[in-house]
Amino acid sequence: MAEVYKNFIGGEWVDSESKRTFENRNPANWDEIVGIFPKSTPKDIEKAVEAAKNAFKFWKKVPVPKRGEILGRCGDIMVERKEELAKLETREMGKVIKETRGDVQEGIDTAYYAFGEGRRLFGITTPSELSNKLCYTVRKPIGVAGLITPWNFPMAIPCWKVIPALLSGNTVVIKPASATPATSAKLIEILVEAGIPEGVVNIVHGAGREVGEALLAHPDIGVVSFTGSSEVGSRIAEVCGKTLKRVSLELGGKNAQIVTSDADLDLALEGVLWGAFGTTGQRCTATSRLILSEKVYDTFIEMLVERVKKIKIGNGLDETVEMGPVINKGQREVIHNYVQIGKDEGAKLVIGGEFYEEGECADGWFYKPTIFKDVKPGMRIEQEEIFGPVLSIIKFNTFEDAIEIMNDTIYGLSSSIYTKNVNLAMRAAEEIEAGITYINGPTIGAECHLPFGGVKNTGNGHREGGLTVYEIFTEIKTIYVDYSGKLQKAQIDTSVEK
Ligand code: NAD
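Note that the structure is a prediction, hence the values are computed from the model and not measured. (Residues numbered from 1 in each chain as written. Predicted model: local features only at pLDDT ≥ 70, side-chain atom pairs only at ≥ 80, totals over all residues. Heavy atoms only, no water.)

A. Seen up close, the overall build of the protein chain. Counting its regular elements, the protein chain contains 15 helices and 20 strands. In terms of overall size, the protein chain behaves like a compact globule, its C-alpha atoms giving a radius of gyration of 24 Å where 498 residues would be expected to give roughly 23 Å. Principal-axis analysis of the C-alpha atoms places the extent of the protein chain at approximately 80 × 65 × 40 Å. Counting only contacts in the protein chain whose residues sit at least 6 apart along the sequence, the fraction spanning at least 24 positions is 74%. Carbon and sulfur atoms make up 52% of the accessible area of the protein chain, which totals about 20800 Å². Taking the 59 positively charged and 69 negatively charged side chains of the protein chain as two groups, their mean positions are separated by 5 Å. (Helix = DSSP H or I, 4+ residues; strand = E, 2+ residues; numbered from the N terminus. Rg over C-alpha atoms; globule rule 2.2 N^0.38 Å. Contact = heavy atoms within 4.5 Å. Areas by Shrake-Rupley, 256 points an atom, 1.4 Å probe, with all protein chains shown as cover. Lys, Arg positive; Asp, Glu negative; His and termini not counted. Charge placed at Lys NZ, Arg CZ, Asp CG, Glu CD.)

Structure follows, in structure tokens:
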């Protein structure tokens, strides 16, 4: 039986005022309804923002370490419920159970990091140019945070936003992706169980165009944090710009792995398999391009194809399965269209390029791991985010060519180089235009205490994760304390007194 979910507004689980609902289904078995959710309207957003605005009056005054303690408890509850949450996430999102356990673990790590940060949240102190004067900064909450999340990390991404927003003293209204709203609803349940007071955290389910936009446009929302496609991100910035909101955007990627001729090829092979086909290629950091030295081109492709043939596809709840389905029928069509585009552009399809419909997989949205070789820089499959298990291989001659191919994209999220040559590794770290570079590791694998985000169309300069996420969710206040007992004028009283 599908679980029936509600919105959470002002401390109560409530239906949408529309009384309408939508369902989400298991992408591995489309007959299975995972949950039924309220199809909300701008009126529901109105109520949620009102509740959050009222709650902000007291939540901002709760000492930061106390907020941290509640978030630490949230981490403890996630530890206890990790398996149940991972199974639910696999059912609604499709990725394999090992990965959904990792997704929940990232939520746990984020909660424990916030627990510690509650006893820091440092400002700076610095000398004054005048005598007997103290200068320092403190971090203040902004107000109500509007959070909009995608479907590919239904636990980690909501945690990345909700937890630091709350630690900073903001109250929250979150609208999760309608393809994967169940896991995010469980996060809210856990926060409540951990002791978050009523009104501080609110969730409203529904369509981006309708409730998402209402959230962005609301004058009482002080900060918006969005993760999703660059296309929607640009729309978010446009709407938020009208009311001069702070907006943090984490958007698409077209990440690449370089393999030089001297690289440990077995290691590079494991890296590209995990980077390209982990999460069925549906990560913003997925490896969708392999930039391969001409000296190892044929050998490496042969090794890769042999290994890809053995990838076990199926329902992610089966512990032996390595690759689950894609999120829905529409996304599978998008992927298949890109395969056709690749063929039309003259790239050579080496393996895959088809639906996978064997046995029970016929009931879901499975796609074979797909590799194109002889892809040329500038082809659409080399430039556009496909968001599926499709890898494009491009041959390079010199290291300079490899870097040029790597950087020739509108995105700049993650990147990787496999090489044993320390000079090339360090030059890559220096010259690649991306928010993240891995040396001898795949393009995926971010850790919650480090900054996460990208350059160019991947975002607008903010970084989630680590300390930098607190830049997004706080205002800096500068405080000057003059204890000289006289009027002192900065920039004017320039003489040095004896
Ligand atoms: P999406 O942009 O389609 O949707 C993201 C969210 O925005 C959803 O909750 C959706 O309902 C909402 N939305 C859609 N239109 C809206 C509008 N007009 N106003 C307000 N909200 C709106 O993205 P998706 O398909 O859910 O996720 C895949 C994309 O997310 C990929 O491009 C991927 O690269 C990106 N992503 C980026 C990161 C990162 O950190 N850089 C992480 C994960 C995913």
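B. How the structure looks around the site of the ligand. Around the ligand lies a shell of 28 residues, among which T149, E213, S229, L251 and E385 are the nearest. T149 places a main-chain nitrogen or oxygen 2.8 Å from an oxygen atom of the ligand. Within the contact set of the ligand, an oxygen atom lies 2.7 Å away from a side-chain nitrogen or oxygen of S229. Starting from 850 Å² of accessible surface for the ligand in isolation, the protein chains cover 89%. Mapped onto the shell around the ligand, the elements with two or more residues apiece are α7 (208-217), β11 (221-227) and α8 (230-242). The dominant element in the shell around the ligand, judged by the number of residues it contributes, is α7, at 4 residues. A class-by-class count of the residues in the shell around the ligand yields 15 nonpolar, 8 polar and 5 charged. Looking at which domains feed residues into the shell around the ligand, each of domain 1 (3-251 + 459-478) and domain 2 (255-439) supplies at least three. (Near = heavy atom within 4 Å. Polar contact = N/O pair within 3.5 Å; in protein donor to acceptor, adjacent residues only side chain to side chain. Nonpolar A, V, L, I, M, F, W, Y, C, P; charged D, E, K, R; others polar. Domains from an automatic or database assignment.)

C. Up close: the pattern of salt bridges. This model, assessed by the stated rule, comprises 33 salt bridges. E189 is the salt-bridge partner of R81, the closest N and O atoms lying 3.0 Å from each other. With a gap of 108 residues between them, R81 in the loop between α2 (64-80) and α3 (82-93) and E189 in helix α6 (residues 181-194) connect regions that are remote in the sequence. For R81, a relative accessible area of 15% corresponds to the buried category. (Salt bridge = Lys/Arg side-chain N within 4 Å of Asp/Glu carboxyl O. Buried < 20%, exposed > 50% of the residue type's maximum accessible area, 1.4 Å probe, protein only.)

D. Looking closely at the environment of V305. Mapping V305 onto the fold places it in helix α10 (residues 297-309). By relative accessible area, which is 12% here, V305 ends up buried. For the pair V305 and T287, spaced 18 residues apart in sequence, the C-alpha to C-alpha distance is 16 Å. Residues within four places of V305 in sequence aside, it is in contact with V350 and I351.

E. Structural view of the packing of helix α5 (residues 156-167) against α6. Orientation of α5 relative to α6, taken along the N-to-C sense of each, is 30°, at an axis distance of 11 Å. Classed by the angle they form, the pair α5 and α6 counts as roughly parallel. Every pair of crossing elements has a handedness; the one defined by α5 and α6 is right-handed. Residues P158, C159, V162 and L166 of α5 lie in contact with α6, whose contacting residues are S184, L187 and L191. (Axes fitted to C-alpha atoms, helices over the stretch in contact; angles between N-to-C directions. Parallel < 35°, antiparallel > 145°, perpendicular 65-115°, else oblique. Left-handed = near helix turned anticlockwise from the far one by under 90°.)

F. Structural view of the domain arrangement of the protein chain. By domain assignment, the protein chain separates into domain 1 (3-251 + 459-478) and domain 2 (255-439). For domain 1 and domain 2, the distance between their C-alpha centroids amounts to 31 Å. Across the boundary between the two partners, domain 1 contributes 24 residues, which contact 27 residues of domain 2. Sorting the residues of domain 1 by area buried against domain 2 places A28, E99 and W151 first, and these three jointly supply 25% of that buried surface. The interface formed by domain 1 and domain 2 includes 2 salt bridges. (Buried area = accessible area lost by both parts, 1.4 Å probe.)

G. Molecular detail of helix α11 (residues 329-345). Across its 17 residues, α11 extends 24 Å between first and last C-alpha, which sits within 8% of the 24 Å expected from 1.5 Å per residue. Among all positions of α11, only Q331, R332, I335, Y338, V339, I341 and G342 are buried. At its buried positions, α11 is contacted by β16 (370-373), α12 (380-383) and β17 (390-396). With a side-chain oxygen positioned 3.3 Å from the backbone nitrogen of G330, the residue opening α11 is N328. Phi turns positive one or two residues past the end of α11, at G346, with a value near 100°. (Expected span 1.5 Å × (residues − 1).)

H. Local environment of a positive patch on the surface. On the surface, a cluster of positive charge is made up of K6, K19, K43 and K47. Tracing the backbone shows K43 in helix α1 (residues 42-59). For K43, a relative accessible area of 56% translates into the label exposed. (Patch = residues over 30% accessible without salt bridge, like charges linked within 9 Å, V, L, I, M, F, W, Y side chains within 5 Å.)

I. Region of the structure containing the nonpolar core. One finds M78, V162, L166, V172, L191 and I196 to be the most contacted residues of the largest nonpolar core, which totals 44 residues. Non-local contacts of M78, meaning those with residues more than four positions away in its chain, are made with L85, V104, G107, I108, A111, M155, C159, L187 and I190. Listed in part, the 29 residues of the second largest apolar core include I341, V375, M379 and A434. (Core = buried A, V, L, I, M, F, W, Y, C linked by side-chain atoms within 4.5 Å.)

J. Structural detail: the environment of A52. Position of A52 relative to the elements: it lies in helix α1. Residue class for A52 comes out buried when judged on its relative accessible area of 0%. For the pair A52 and T443, spaced 391 residues apart in sequence, the C-alpha to C-alpha distance is 37 Å.

K. Quick peek at the packing of aromatic side chains. Within the structure shown, the criterion is met by 7 aromatic pairs. With 5.6 Å between their ring centres and 25° between their planes, F22 and F37 make a pair best called stacked. Residue F22 is found in strand β4 (residues 21-26), and its partner F37 is found in strand β5 (residues 29-38); the two are separated by 15 residues along the sequence. Taken as a pair, F22 and F37 share a single burial class, namely buried. Feature note: the residues Y5, F22 and F37 constitute an aromatic cluster, connected by ring pairs. The ring of Y297 has K395 lying over it, and the distance from NZ or CZ to the ring centre is 4.7 Å. (Phe/Tyr/Trp six-rings, centres within 6.5 Å; stacked < 30°, edge-to-face > 60°. Lys NZ or Arg CZ within 6 Å of the ring centre and 35° of its normal.)

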